[in-house]
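Observations on the model geometry
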Amino acid sequence: MTIAIEQPQTEVEVEDKQIPSDDPMELVLDGGFTVPETNSFGHSFRDYDAESERQKTVEEFYCTNHIHQTYNFVKRMREEYGKLDRAEMSIWECIELLNEFIDESDPDLDEPQIEHLLQTAEAIRKEYPDEDWLHLTGLIHDLGKVLLHPSFGQLPQWAVVGDTFPVGCAFDECNVHHKYFKENPDYSNPKYNTKLGAYSEGCGLNNVLMSWGHDDYMYLVAKENKTTLPSAALFIIRYHSFYPLHRHGAYQYLMNDEDKENLKWLHIFNKYDLYSKSKVRIDVEKVKPYYLSLIEKYFPAKLKW
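Predicted, not measured: the structure shown is a model, and the values here were computed from it. (Residues numbered from 1 in each chain as written. Predicted model: local features only at pLDDT ≥ 70, side-chain atom pairs only at ≥ 80, totals over all residues. Heavy atoms only, no water.)

**A short note on the overall build of the chain**
On a plain count of helices and strands, the chain comes out with ten helices and two strands. Secondary structure elements of the chain, listed N to C terminal, follow the sequence α-α-β-α-α-α-α-α-α-α-α-β. Each of the 305 residues in the chain was classed as buried or not, and the buried ones make up 59%. Counting contacts in the chain only where the partners sit at least 6 residues apart, residues at least 24 apart contribute 80% of the total. (Helix = DSSP H or I, 4+ residues; strand = E, 2+ residues; numbered from the N terminus. Buried < 20%, exposed > 50% of the residue type's maximum accessible area, 1.4 Å probe, protein only. Contact = heavy atoms within 4.5 Å.)

**A closer look at helix 2 (residues 71-81)**
Among the residues of helix 2, those classed as buried are Tyr71, Phe73, Val74, Met77 and Tyr81. One face of helix 2 carries all of its buried residues, which in axial projection span an arc of 160°. Structural note: helix 2 exposes Asn72 and Glu79 on the side pointing more than 90 degrees away from its buried face. The elements touched by buried residues of helix 2 are helix 1 (55-68) and helix 6 (214-224). (Arc of directions from axis to C-beta.)

**Notes on the confidence of the model for the chain**
Across the chain, the average pLDDT comes to 84, with 77% of residues at or above 70. In this model, residues 1-46 is a region of pLDDT below 50 whose contacts with residues beyond four sequence positions or in other chains number 140 contacts. (pLDDT = per-residue confidence, 0-100.)

**A few points about the packing of helix 5 (residues 132-140) against helix 9 (residues 257-275)**
Where helix 5 meets helix 9, the axes come as close as 11 Å, and the angle between the chain directions of the two elements is 60°. If you check the angle between helix 5 and helix 9, you find them oblique. In the crossing of helix 5 with helix 9, the sense of the turn from one axis to the other is right-handed. Contacts from Trp133, Leu134, Thr137 and Gly138 in helix 5 reach Trp265, Ile268 and Phe269 in helix 9. (Axes fitted to C-alpha atoms, helices over the stretch in contact; angles between N-to-C directions. Parallel < 35°, antiparallel > 145°, perpendicular 65-115°, else oblique. Left-handed = near helix turned anticlockwise from the far one by under 90°.)

**With respect to the nonpolar core**
Residues Leu139, Trp212 and Trp305 are the most contacted members of the largest nonpolar core, which totals 90 residues. For this core, the element with the highest residue contribution is helix 7 (residues 231-239), accounting for seven residues. (Core = buried A, V, L, I, M, F, W, Y, C linked by side-chain atoms within 4.5 Å.)

**Some points on the pattern of salt bridges**
Oppositely charged side chains are able to pair whenever their charged atoms sit close together. Taken as a whole, this structure holds twelve salt bridges when the rule is applied. When the shortest N-O distance is used, the salt bridge between Arg281 and Glu115 registers 2.8 Å. With Arg281 in the loop between helix 9 and helix 10 (284-298) and Glu115 in helix 4 (residues 113-127), this residue pair connects regions lying 166 residues apart in the sequence. A salt bridge links Lys264 to Glu261, with the shortest nitrogen-to-oxygen separation between them at 3.4 Å. Highlighted residues: Lys264 and Glu261, both in helix 9, separated by three residues, approximately one helical turn. (Salt bridge = Lys/Arg side-chain N within 4 Å of Asp/Glu carboxyl O.)

**Describing the environment of Glu201**
By secondary structure assignment, the location of Glu201 is in the loop between helix 5 and helix 6. For the pair formed by Glu201 and Met255, sequence separation is 54 residues and the distance between their alpha carbons is 7.7 Å. Filtering out sequence-adjacent residues up to four positions away, Glu201 remains in contact with Leu196 and Tyr253.

**Quick word on the UniProt feature "binding site: Fe cation" (unreviewed entry) in the chain**
UniProt's feature table lists "binding site: Fe cation" (unreviewed entry) at His116, His141, Asp142, His214, His240 and Asp273, given in the numbering used throughout. Along the chain, the position of Asp142 falls in the loop between helix 5 and helix 6. What Asp142 contacts, discounting residues up to four positions off in sequence, is Leu98, Gln113, His116, Leu117, His214 and His240. Along the chain, the position of Asp273 falls in helix 9. (UniProt positions renumbered as here; feature names shortened; annotations may be inferred.)

**Description of the packing of aromatic side chains**
Scanning the model with the defined rule gives 17 aromatic pairs in all. Their ring planes at 75° and their centres at 6.4 Å tell us that Phe152 and Tyr217 sit as a pair that is edge-to-face. Of the two residues, Phe152 is situated in the loop between helix 5 and helix 6 and Tyr217 in helix 6; the sequence distance between them amounts to 65 residues. Both residues of the pair, Phe152 and Tyr217, count as buried. Ring pairs connect the aromatic residues Phe235, Tyr239, Phe242, Tyr251 and Tyr253, which therefore count as one cluster. Directly above the ring of Tyr290 sits Arg125, whose terminal nitrogen or CZ lies 3.8 Å from the centroid. Here the basic side chain of Lys195 rests over the ring of Tyr253, its NZ or CZ set 4.6 Å away from the ring centre. (Phe/Tyr/Trp six-rings, centres within 6.5 Å; stacked < 30°, edge-to-face > 60°. Lys NZ or Arg CZ within 6 Å of the ring centre and 35° of its normal.)

**Remarks on the environment of Val284**
With respect to the helices and strands, the residue Val284 is situated in helix 10. In this structure the C-alpha to C-alpha distance between Val284 and Leu118, which are 166 residues apart in sequence, comes to 7.9 Å.

**Quick notes on unusual backbone geometry**
With phi around 50°, Gln154 is a residue other than glycine that occupies positive phi space. Inspection of the secondary structure puts Gln154 in the loop between helix 5 and helix 6. We note that Tyr251 has phi near 65°; this positive angle belongs to a residue other than glycine.

Pasting the structure below:
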């Protein structure tokens, strides 16, 4: 399958960089990355209250998302999509499919997903040239959004995109548009509405069910297709939308030591995922050979989806 893609270009300043501190509350903006003051609409990044043409759509999205993302729903979706029996295709074929979609939960950008993937990957590549696994992680982190495609069941956006959060325990108030959780059946269920709910302290995020969406799905795809990417890459893929944790420090009581180590890399990744969004385009044909070489290094030629 082939879809025509426009060819953009971007530049990012390169300076010295460092691994972030152990403080999971700190959003590290090291490496010389030039952080823009405003998003594509002239507002602060992740401002969910700013009056804009996107604000109403985004809030309606989170209302539906928070009502329907229950513990039982997530279990059902993981069982169904964990079979990986929907399609067989390469990583790049999947990337091309995403050119058809725009994320309704994102207040910062309304460009097709292919643009965001390449902007993220190229920004990382410029500042961490020796970490090729991180470049590839930037490229593929959102590929789970193929769940929006008809061949994958054409799931509604509320079941594919948006910030993620644990289900099976109390919904932390730092979740965006928290008020809508009050209509979620789990909100009043004593099995799931306490701090720990179905879990134990320090159980590890791998033992926690996250709201269903593209993060968890792409994690399952990568893991079950036996990628050779390091564990930090899988952690980034699975939790890059878990803003309550990596931006606000919520739910730390569920983490184990391995989670805390991998969180350092997620903090590095997050600044590129969030702040590389712009209207500046990447020259796809120029960078494609490099990323194809990384895909060949870390993945089989064809993946089960």
